[in-house]
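Chain by chain, the residues:
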Amino acid sequence: MIPTRESFLNWAMIAALLIVPLAAWSLDEPFIITLATKAAILALAGVGLNIALGLGGLISLGHAAFFGIGGYAMGILAAHAQNYEPLFEWPFLFEGSNQMPLIWLVAIVCSACAALVIGALSLRTSGVYFIMITLAFGQMLYYFAISWSAYGGEDGLSIWVRNDFPGLNTLDPIQFFAIAYVILCLALFFAARLARAPFGLALAAARQNADRVEAVGLTPFTLRLTAFVISGAITGLAGALFADLNRFVSPTMLSWHTSGEIMIFVILGGVGRLYGPVVGAALYILLEHLLGGISDYWQIFLGVLLLLIVLFARGGLIGALAGREKAHG
Amino acid sequence: MTYILVLEQILNGLQLGVMLFLMAAGLTLVFGVMGLINLAHGALYMVGAFAAAAVAGWTGSFLLALMASLAAAAAAGALMELVVIRRLYRRDHLDQVLATFALILIFSEGTRWLFGSFPLFLDVPSYLSGPVSLPGGIEYPLYRLTIILIGLAIAVGLFLLIARTRIGIQIRAGEADREMIAALGVDISRLYTLVFALGAALAGLAGALVGAIQSVQVGMGEPVLILAFVVIVIGGIGSIKGALAGALLVGMTDTLGGVFLPRLFTLFMEPASAASAGASLASMLIYILMAAILLVRPSGLYGGST
C-alpha cells in the first residue's frame, strides 16, 4: 500500500502518544503520564463508537451507557473483592475480583449484552428516532445508577487500590499506561481489519445504500446490530479501564454528556477515520489541560471550536491536515 | 392510600405533563418544519428561567419576570437560528447533533460565567402562593394549579394558531413541502426564524414557571430536554397532537410511578428494599413505556412513516 499523508499522520500520532509519556517518565512527570493514559483510554472509547458511527452510520448518543457499564463492572467486582463480601454464592461462590483480565471480560460481556438489547430495540427505527432513543436508553441507565443505592447511588463507588494485572505493577503510572496503550493498539488493529473484512464492507454498504444491500441478500438490521454490539463492547472495555484509572466510578460516566464527549473525540479527529478518535481524544485532553489552566469556563472554547469544526471543517483535524480521502468507507 | 392522594398525584402528573408539552411543542415543530434535531432546546429553557429570576430580582414582579422569560428565550432562539441553526438545515443529523451539543456547552458555561454556579431562587408571588380548595375536599397548591391552566391555555392557543391562522397554514405547508411554499412567495427563512423563536419562547416560559417550584441553575434544562425527547418519540416526531398526548402520558407515568411503585412493592417485599427497588423501577418506567410503544408503533402514536 502506498503510504498516504493520512497514514503518515496516523503513525506520527500513535508514536507521539507513546513518546510523550516515555519522555515524561524519564523526566519523572507522572501527571503527564496519567494524562496520556486518559487520552489512550478515551481514544479506545472513541474507537468503539467509531465502529457504529463511522463505519455503520449509526448516530448513537447513548454510548455512555456502555462506558458506564464497563465502569460499574470494574467497580462492583473490585468493591466485593476489597470488602470480602461474596458477589453471589449460588451456583458457585464468587467473591468479586481484582484481576484486570477477568474484570475486562465481565465488562465486555455485560456491555455487549446491553448493546444487544438496546440495539435490538433502537435499530427498529432510524434517523432522528434512533438518536433520541439511544439517548433515552442511556439516560435510563443513568437514572437507574443514581437510584441504585447498593452501589453508591449518586455518590458513586470508590476503590482503594488499583486492580492487578499479572506480572505488572499497575500502581506505577507508566506500567498502567502500557496496558492502556497496548489495548488501544489492539483495538485499532482490530477496527482496521474489521473495516476491510467482508463484514465491514457489507456494513459500510448498508450505510450507503441499505436497499441494495438487502437486494443482494444481506440483512442490514443484522449487520448493524452486530456492529452496535462490537462497538458497545469496546466502549465498555474502555469504561472499565477509565474507572480503574480514577479508581472511582459514578453515574457521571453514564450521563449523556459523556456520550456527547465520546462523540466529540470522534468528530474532532474526523468521522470514519480509523485514527480519528486517537487524534480527537489527545486534542481534547490537551485542550482541557491548556484551556482549563487559563479559565474555569474552558468548555465555552471547546463549544466554539466544535461549532467551527462542524460548520466549516467537516473532516475534523485529520481531514484538515490530510485532505479529503478517507480511511475507509 | 386515600383517593385524595391519588387525585393530588394525578394533578401533579398533569402539571409535569403540560410543562413537558411546552418543551416538546417547540422541539417537534422545529423538527417537523425544518427537519432539525435541536439538543440546545434545554438551553433555551434555562435562559428563560435565568431571565425570569434576574428580572424578578430587580423588579419584584412575577408577571414582568414571565414576560422577560418569553422575550429572552425568543431572542436567544432567534439569535441561535440566525447565527448557527440555519446553516444546519441541509446537513445530516450528525452535524446537527454536534453543533447543537456545542451550543449547549457555550450556553451552559456562559450562564455559569454570568451568574455563577450557585442556584438562584425565583419566588412564587404572594397572590399565587398557598393552597386552594378544589371540589371533593382536595387542598392543592394554587401555583401548581395556575401552571396547569396556563399550560392548557397555551396548548389550546397553539392548536388554534396552527389550525386557524395564516402563519399556521404556512407552518403546516412548510412541513409538507418547503420548496413549494417558497415558490409561492412565502419568505421561508423568516418563517423558520419565527418558528424557532416561538418554540424557544415556549421553552423559556416553561423554564420560568418550573423555576419557581425548583431552583434555577445551570444544566436545569437537560433532564427536561431528555424527557421532552421521550415525549416526542412516543407521540411521533413532528406531531403537535402527539406531543400533547405523549407529554400527558409521560407526566402521569413518571409522577404516579414515583409515588405508587414503592408502595406497591411493599405488598410483597420488606419496606426498606421495596422503597429502593420501587424507586429504581420508577426512574426507568417512562423509558420502558417508550420501548413498549415503539415495539408496537415504531414511529410513535401519531407519527407518519419515516
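All residue numbers here refer to positions counted from 1 along the written sequence of the relevant chain. For naming, the first written chain is A and the first written ligand is 1, with later ones following in the order written. At least 70 in pLDDT is required for a residue's local features to be given in this predicted model, at least 80 for side-chain atom pairs to be given and counted, and no such filter applies to totals for whole chains, interfaces and linings, which use all residues.

*Asks:* Any chance you could explain the overall build of chain A here in plain terms?
*Replies:* What counts as a helix is a DSSP run of H or I of at least four residues, what counts as a strand is a run of E of at least two, and both are numbered from the N terminus. Tallying secondary structure elements over chain A gives 13 helices and two strands in all. The atom set for the radius of gyration is the C-alpha atoms, and the globule formula is 2.2 Å times the number of residues raised to the power 0.38. Taken against the 2.2 N^0.38 rule, which gives 20 Å for 329 residues, the C-alpha radius of gyration of chain A at 20 Å falls within 12% of a compact globule. Counting only C-alpha atoms, chain A reaches 55 × 50 × 40 Å along its principal axes. Within chain A, the proportion of its 329 residues that are buried is 53%. Here the C-beta atoms are placed from the backbone, and a residue counts as buried if at least 20 other C-beta atoms lie within 10 Å of its own, exposed if 12 or fewer do, and partly exposed otherwise.

*Asks:* What am I meant to see in the overall build of chain B here?
*Replies:* Regarding its fold elements, chain B presents eleven helices and two strands. Dimensions of chain B, computed from C-alpha atoms along their principal axes, come out at roughly 65 × 50 × 40 Å. A total of 306 residues make up chain B; the buried ones form 51% of that total. Of the contacts formed within chain B by residues at least 6 apart in sequence, a portion of 75% connects residues at least 24 apart. Residues are defined as contacting one another if the C-beta atoms placed from their backbone atoms lie within 7 Å.

*Asks:* Looking at this structure, I do not really get the interface of chain A and chain B. What am I missing?
*Replies:* One frequent convention defines the size of an interface as the accessible area lost when the parts assemble. Counting residues at the interface gives 35 residues for chain A and 35 residues for chain B. Within the residue set of the side of chain A that touches chain B, elements represented by two or more residues are helix 5 (127–147), helix 10 (256–269) and helix 12 (298–312) of chain A. Counting residues per element, the side of chain A that touches chain B draws most heavily on helix 5 of chain A, at 14 residues. Any residue outside Ala, Val, Leu, Ile, Met, Phe, Trp, Tyr, Cys, Pro, Asp, Glu, Lys and Arg is labelled polar, Gly included; the first ten of those are nonpolar and the last four are charged. In terms of residue class, the side of chain A that touches chain B is made up of 26 nonpolar, eight polar and one charged.

*Asks:* Is there a simple way to explain unusual backbone geometry in this structure?
*Replies:* Leaving glycine out, the prevailing phi sign among residues is negative, and the prevailing peptide bond configuration is trans. Residue and element names in this part refer to chain A. If you check the backbone angles, Y84 has positive phi at about 55° while not being a glycine. Structurally, the position occupied by Y84 is in the loop between helix 3 (64–83) and helix 4 (100–122). According to the C-beta neighbour criterion, Y84 is exposed, with 8 such atoms within 10 Å.

*Asks:* I would appreciate a short explanation of the pairing of strand 2 (residues 138–141) of chain B in the present structure.
*Replies:* Residues and elements named next belong to chain B. The criterion for strand pairing is that DSSP finds at least two bridges linking the strands in question. With four bridges joining them, strand 1 (residues 131–134) and strand 2 adopt antiparallel strand pairing. In the strand pairing of strand 2, L134 is matched with I138. Connecting the antiparallel pair strand 1 and strand 2 is a turn made up of three residues, with G136 showing a positive phi of about 95°.

*Asks:* Explanation requested: the packing of helix 12 of chain A against helix 4 (residues 93–115) of chain B in the structure shown.
*Replies:* Throughout, an axis means a line fitted to C-alpha atoms (over the contacting stretch in the case of helices), and angles, computed between N-to-C directions, take values from 0 to 180 degrees. Packing of helix 12 of chain A against helix 4 of chain B leaves a shortest axis separation of 8 Å and a crossing angle of 155°. Taken as axis vectors, helix 12 of chain A and helix 4 of chain B run roughly antiparallel relative to one another. In terms of crossing hand, the pair formed by helix 12 of chain A and helix 4 of chain B is left-handed. Two secondary-structure elements touch here, helix 12 of chain A through Q299(A), I300(A), L302(A), G303(A), V304(A), L306(A), L307(A), V310(A) and L311(A) and helix 4 of chain B through D95(B), L98(B), A99(B), A102(B), L103(B), L105(B), I106(B), E109(B) and G110(B). Tallied by class, residues from the contact of helix 12 of chain A with helix 4 of chain B come to 13 nonpolar, three polar and two charged. An angle below 35 degrees is read as roughly parallel, one above 145 as roughly antiparallel, one from 65 to 115 as roughly perpendicular, and any other as oblique. If you view the pair so one helix is near and one far, a crossing is left-handed when the near helix is turned anticlockwise from the far one by less than a right angle, and right-handed when it is turned clockwise.

*Asks:* Help me understand helix 10 (residues 240–265) of chain B in this model?
*Replies:* Since one α-helical turn is 3.6 residues long, residues separated by three or four positions face the same way. Here a helix's expected span is defined as the number of its residues, less one, multiplied by 1.5 Å. Here helix 10 of chain B contains 26 residues, and its C-alpha end-to-end distance of 36 Å stays within 8% of the 38 Å for a straight helix at 1.5 Å per residue. Bend, in this description, refers to the angle at a residue between axes fitted to the seven residues ending there and the seven starting there. Of all the bends in helix 10 of chain B, the greatest measures close to 40° and is centred on G257(B).

*Asks:* I would appreciate a short explanation of the nonpolar core in the present structure.
*Replies:* Nonpolar side chains in soluble globular proteins generally cluster together in the buried interior. Think of a nonpolar core as buried Ala, Val, Leu, Ile, Met, Phe, Trp, Tyr and Cys residues, each tied to the set through C-beta atoms within 7 Å. Of all hydrophobic cores here, the largest spans 219 residues; its most connected members are L44(A), A136(A) and V230(B). What A136(A) contacts, discounting residues up to four positions off in sequence, is I226(B), F229(B), V230(B), V233(B), Y287(B) and M290(B).

*Asks:* Can you walk me through the environment of N12(B) in this structure?
*Replies:* All names here are of chain B. Tracing the chain through its elements places N12 in helix 1 (residues 3–34). You can call N12 buried: it has 21 C-beta atoms within 10 Å. For the pair N12 and L145, spaced 133 residues apart in the sequence, the C-alpha separation amounts to 9.0 Å.

*Asks:* I keep staring at the packing of helix 3 of chain A against helix 9 (residues 220–246) of chain A and nothing clicks. Help me out?
*Replies:* How two helices pack is summed up by the angle between their axes together with the distance between the axes. Residues and elements named next belong to chain A. As a packed pair, helix 3 and helix 9 sit with axes 6 Å apart at the nearest point and diverge in direction by 45°. For the element pair helix 3 / helix 9, the angle class is oblique. Our pair here, helix 3 against helix 9, has a crossing hand that is right-handed. Across from F66, F67, G68, I69, G70, G71, A73, M74 and G75 in helix 3, the residues of helix 9 making contact are G232, T235, G236, L237, A238, G239, A240, F242, A243 and D244.

*Asks:* How should I be thinking about helix 11 (residues 271–296) of chain B in this particular structure?
*Replies:* Residues and elements named next belong to chain B. Here helix 11 spans 35 Å end to end across 26 residues, near enough to the 38 Å set by a 1.5 Å rise per residue. When the local axis directions of helix 11 are compared, the greatest deviation, roughly 45°, occurs at L285. Residues of helix 11 that are buried: G278, A279, S280, A282, S283, I286, Y287, M290 and L294.

*Asks:* Hey, could you run me through the environment of G136(B) in this one?
*Replies:* All names here are of chain B. Locating G136 in the fold gives a position in the loop between strand 1 and strand 2. What makes G136 exposed here is the crowd of 8 C-beta atoms within 10 Å. Taking the C-alpha atoms as reference, G136 lies 24 Å from R263; in sequence the two are 127 residues apart.

*Asks:* Please clarify how the confidence of the model for chain B should be interpreted in this entry.
*Replies:* Should the pLDDT be low somewhere, the predicted coordinates at that spot are not to be read in detail. Summary statistics for chain B give a mean pLDDT of 89 and a share of 99% for residues scoring 70 or more. Here the predicted complex scores 0.90 on pTM and 0.87 on ipTM. The quantity known as pLDDT measures the predictor's confidence residue by residue, on a range of 0 to 100.

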